[in-house]
Amino acid sequence: MTKRPANSLTTLMGAGIAAAVVASASMWVSSAPAMVEGTAQSAHPSQVQLACPSGIVNPFETTNVAAGTTWSSLATAPVSPAPASVTGQGGVIPTALTLAGQGGGELAGLSAVGCAAARTSQWIATGATTAGADMVLILSNPGPTASVVSIDGYGASGPLNAAPRQVTVPARSSASVLLAGWFPDESALAVHVTADGGGVAAWAQASLMNGEIPQGTTLASAVVPATTQTVLGVDPKGTSLLRLASPSGDAHVSVSVADSTGVHPLAGGEATVAEGTTLDMPLDGASSDSSPITLIVTSDREVVAQTTTITLGAPWAQRASAWIMRSNATPATALTEATIPGATQIEGMGRQVLSTTPIRATSLATNSGVTNVRASLLLYAPADAQASSNDQGVASSDAPSPSATPDIWASPSPSGGQSGTSQSGADQDPQSSGTSASTPGAVAVRVGGRTIYVAPGIPTLVDLPDNGGTLSADSPIQAAIVVSADTAVGRMTTTWNVGTEGISAVSGAIRTTN
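Attention in this report is confined to the structure presented alongside it. (Residues numbered from 1 in each chain as written. Predicted model: local features only at pLDDT ≥ 70, side-chain atom pairs only at ≥ 80, totals over all residues. Heavy atoms only, no water.)

## Description of the sheet that holds strand β1 (residues 47-51)
Move 1: Taken in spatial order, the three strands make up an open sheet running β5-β1-β8, and their pairing is antiparallel. Strands at the two margins of the open sheet, each flanked by one partner only, are β5 (85-89) and β8 (116-117).
Move 2: Examined bridge by bridge, β1 and β5 share five bridges and lie antiparallel to one another. When the bridges of β5 are listed, Gln 49 appears paired with Thr 87. (Pairing = 2+ DSSP bridges. Helix = DSSP H or I, 4+ residues; strand = E, 2+ residues; numbered from the N terminus.)

## Observations regarding unusual backbone geometry
Move 1: A cis amide bond links Ser 80 to the next residue, Pro 81, at an omega of 0 degrees.
Move 2: Mapped onto the secondary structure, Pro 81 falls in the loop between β4 (69-72) and β5.
Move 3: Its identity as a non-glycine residue notwithstanding, Arg 172 has a phi of 50 degrees, on the positive side.
Move 4: By the element assignment, Arg 172 lies in the loop between β13 (165-169) and β14 (173-178).
Move 5: Given the relative accessible area of 60%, Arg 172 is considered exposed. (Buried < 20%, exposed > 50% of the residue type's maximum accessible area, 1.4 Å probe, protein only.)

## Digging into the side chain of Gln 306
Move 1: Relative to the helices and strands, Gln 306 is located in strand β23 (residues 293-315).
Move 2: In terms of polar contacts, Gln 306 uses its side chain to reach the backbone amide nitrogen of Ala 125, at 2.5 Å. (Polar contact = N/O pair within 3.5 Å; in protein donor to acceptor, adjacent residues only side chain to side chain.)

## Topic: the pattern of salt bridges
Side-chain pairs of opposite charge can arise whenever the charged atoms involved come near each other.
Move 1: Inspection of the entire model under this criterion finds six salt bridges.
Move 2: Between Arg 360 and Glu 106 there is a salt bridge whose closest N-O contact spans 2.9 Å. Note that Arg 360 is positioned in the loop between α2 (343-354) and β26 (370-380) and Glu 106 in the loop between β6 (96-102) and β7 (109-114), a separation of 254 residues in sequence.
Move 3: Two residues, Asp 463 and Arg 374, come together in a salt bridge whose shortest N-O distance is 3.1 Å. Separated by 89 residues along the polypeptide, Asp 463 in strand β29 (residues 460-463) and Arg 374 in strand β26 bring together distant segments of the chain.
Move 4: Looking at Asp 463, the relative accessible area reads 37%, which means it is partly exposed. (Salt bridge = Lys/Arg side-chain N within 4 Å of Asp/Glu carboxyl O.)

## Re the state of the cysteines
Move 1: Evaluated as defined, the whole model comprises one disulfide.
Move 2: A sulfur-sulfur separation of 2.1 Å characterises the disulfide bridge that pairs Cys 52 with Cys 115. Its S-S torsion of approximately 110 degrees makes the covalent link between Cys 52 and Cys 115 right-handed. Taken together, the residues span a long stretch of sequence, with Cys 52 in the loop between β1 and β2 (55-58) and Cys 115 in the loop between β7 and β8 at a distance of 63 residues. With respect to burial, Cys 52 and Cys 115 carry one shared label: buried. (Disulfide = S-S within 2.5 Å.)

## Let's talk about the nonpolar core
Move 1: In this structure, Leu 377, Leu 379, Leu 471, Ile 477 and Ile 481 are the most contacted members of the largest nonpolar core, which totals 43 residues.
Move 2: In terms of residues, this core owes the most to one element, strand β30 (residues 469-487), which gives seven residues.
Move 3: If near-sequence neighbours (up to four positions away) are discounted, Leu 379 is found in contact with Val 445, Ile 452, Val 454, Ile 458, Pro 459, Thr 460, Val 462, Leu 471, Ile 477, Gln 478 and Ala 479. (Core = buried A, V, L, I, M, F, W, Y, C linked by side-chain atoms within 4.5 Å. Contact = heavy atoms within 4.5 Å.)

What follows is the structure, encoded as structure tokens:
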């Protein structure tokens, strides 16, 4: 009986002391934040590893590869054959570009794709598995443990498989999968690649044959869905399709075009993409420009967006038909600083890969090789959001009407006079010196010892410096290197988005409050 009051007193005394401490603390701490002096810190991984595609794959014998060549920000010269991976140590984030192609043969084409960080989820929306079309999914695992990769296919009518298809990619190796075996007769294919462990890097090689006439080969990088995407380097002279896929929920999509006149809505560029389906949007008549244009894709849900362009090549031997050149473009990442290769390096790489003996010769003897390679730098500064919104309100009265979707993955080889295609091998795209520093909103971009002012909303194509180096801008821009090559089978073009695929690096300030 005598202990209870003592315990109660102790408890009350403890509560009183605690209350006093709390009350005192409320007087000691100021509600206003205080600046604390300190030094700049860096948070980065100790190692950054990128996987690189090996080159162009023979779809009928996937171990037979036409080796590509790789430029890396870590090396003084391009490396050939292309390495399996590029590794940066001590927080250095490397950038690497692999140039792959064939100057002739059934797999004629030129592709520039970035070496990429492994990811556990990524998408590819290009290619077809219809008659004459071949699509190879290339998976690379740069990590120290095996990765189980699941692949889901989607088409215009919805999902193509009830359960994921799976393949195991061993550590530090790659695997090639023919997608026609899993998703046959699909003309508008998109695949979702998921992986366990450290993930994988993925690319897709898409090619087409019309009987014995090559219809182009292109290598496409995997992408991730987003609600706002900027696609650089679409050739307005060719026949192009924008393929869209909606992973989750019906997506309402709006597409605008940025060219020398500024940003304007694409005729027929409003669409709804049903959940789990793909949609091909034609880009014919998007612009009257001759230089590469930019697409701005916005949606209320995350979507996948990639383009494929075909252009008319040289006449096919002994036929009133022609070769077809094929290229792919993917969304670019915003950046303020990056390392880029020089024109001399790119031109040398192009000549090397296009001069090799084709791994699949054509049925009729045809020439291969390359006579000229040129590299340009495409710069794009986003237009003011409000201005772009106003521009997209009403389509121009003289804008072309939406055209029917061309079947560029199954159509016969066009003749020289067919509408919607262009004879490659024409004059080079005109280069620009940029705009004036006094142009409202102009962004200063420094590269190769000179400063180029880029007007917002207008793609600017300039000469790529001979020796490359560092590209920097005062505010975020997108940039791409556009490569063209003149060959016996026609002019090939490809676009590489500057930056490191799968990695975004940012810097910022930390404020401490107490």
